[in-house]
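An overview of the molecular structure
What follows is each chain in one-letter form.
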Amino acid sequence: MSVEDGGVPGLGRPSKARWTLMLLLSTAMYGAHAPLLALCHVDGRVPFRPSSAVLLTELTKLLLCAFSLLVGWQAWPRGGPPWRQAAPFALPALLYGANNNLVIYLQRYMDPSTYQVLSNLKIGSTALFYCLCLRRRLSARQGLALLLLMAAGACYAAGGLQDPGNTLPGSPPAAKAGPMPLHITPLGLLLLIVYCLISGLSSVYTELLMKRQRLPLALQNLFLYTFGVLLNLGLHAGGGPGPGLLEGFSGWAALVVLSQALNGLLMSAVMKHGSSITRLFVVSCSLVVNAVLSAALLRLQLPAAFFLATLLIGLAVHLYYGSR
């Protein structure tokens, strides 16, 4: 039973062309997430409840997985699935639910590109959990590649640790008189560290779960997102008074929900057929997409360090996946 085929007999890794397309699409959607959230702002704030966006995203993923099983894109297991295998998916659902809500709150304390770059701190936590939980060893070359990814984030993040007082209080990012400066607050940095730790643990645990179970990916996702919907429904209902489920939603907000749902499904395929480390490279490479969109849509000024960071990411990809 191969690790790369996800432990499912007869289910090999997607073809090279489909695999490449899947990674490119995921990179693009990761990079577009923060700028799209910034475009949703009204008077400097997200006009809808963050729990609403996360709940709708989980519900969209659940419906897509159910549709995949109903139309036969992925076969239902013979004799029916052993439902006891659904229980372990409660933990990653809890972790993902916490992180998905945290991502939206983080936008209050930093600009999109600073979030995108500093979120690369999850590289270290994911690599640690990857070695501990999966008992995998990284070669010196692979370790150096991951260090380069972290160095790329640190290089560009230096320009983001600025005083947020340079912005106009209460002004939405897309409507400022001048270019949107890079910034992050101390609370934002603390929340982002928590986010990275949860991200690393949830990613590695989900990979372990998906590869050990001999079930179709769509069914595993159905288990995961059922827990996700129930969890986020509870969070939304218990969040106190506020805007309704769809109140404050715009076309940009709908695009955020749809892109996040599709990206979640793509990432589950990466975890099943690839690894948590592959996911890290997708997230890191999305920096380029994020920066381009932020510059075009939010008039964000890109420092020279951005180009050095891009070079380091390219070198890291070559070291990890290039010929050895």
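Parameters at a glance
- Residues numbered from 1 in each chain as written.
- Predicted model: local features only at pLDDT ≥ 70, side-chain atom pairs only at ≥ 80, totals over all residues.
- Heavy atoms only, no water.
- 1 Å grid on protein atoms, 1.4 Å probe; cavity = no way out; pocket = protein on both sides within 12 Å on 5 of 7 lines; lining within 4 Å.
- Points joined across faces, edges and corners; volume = space filled by probe spheres on them.
- Helix = DSSP H or I, 4+ residues; strand = E, 2+ residues; numbered from the N terminus.
- Nonpolar A, V, L, I, M, F, W, Y, C, P; charged D, E, K, R; others polar.
- Core = buried A, V, L, I, M, F, W, Y, C linked by side-chain atoms within 4.5 Å.
- Buried < 20%, exposed > 50% of the residue type's maximum accessible area, 1.4 Å probe, protein only.
- Contact = heavy atoms within 4.5 Å.
- Expected span 1.5 Å × (residues − 1).
- Arc of directions from axis to C-beta.

**A short note on empty space enclosed by the protein**
- Counted by the stated rule, this structure contains one cavity of 30 Å³ or more.
- Roughly 640 Å³ of internal volume is contained in the largest cavity.
- Elements with a minimum of two residues in the lining of the largest cavity: α1 (16-39), α2 (50-70), α3 (90-106), α4 (112-118), α7 (186-212), α8 (217-237), α9 (251-273) and α10 (276-298).
- Element by element, the count of residues in the lining of the largest cavity is highest for α9, at seven residues.
- Here the residues of the lining of the largest cavity are counted per class, giving 17 nonpolar, 14 polar and four charged.

**Describing the nonpolar core**
- Core analysis: the biggest nonpolar cluster contains 24 residues, and Ala-145, Leu-146, Leu-149, Ile-277, Phe-281 and Ala-316 have the highest contact counts within it.
- Tallying contributions element by element places helix α11 (residues 304-321) first for this core, with seven residues.
- Those residues in contact with Leu-146 that sit more than four places away from it in its chain are Ile-123, Ala-127, Leu-138, Ile-277 and Phe-281.
- Among the nonpolar cores identified, the runner-up in size contains 16 residues, and Leu-55, Leu-209, Ala-218 and Tyr-225 belong to it.

**A few points about α11**
- Between its terminal C-alpha atoms α11 stretches 27 Å, which fits the 26 Å expected from 18 residues at 1.5 Å a residue.
- The set of residues buried in α11 consists of Phe-306, Ala-309, Leu-312, Ile-313, Ala-316, Leu-319 and Tyr-320. The buried residues of α11 occupy an angular sector of 140° when projected down its axis, which confines them to one face. Projecting away from the buried face of α11 at angles above 90 degrees are the exposed residues Ala-304, Phe-307 and Leu-311.

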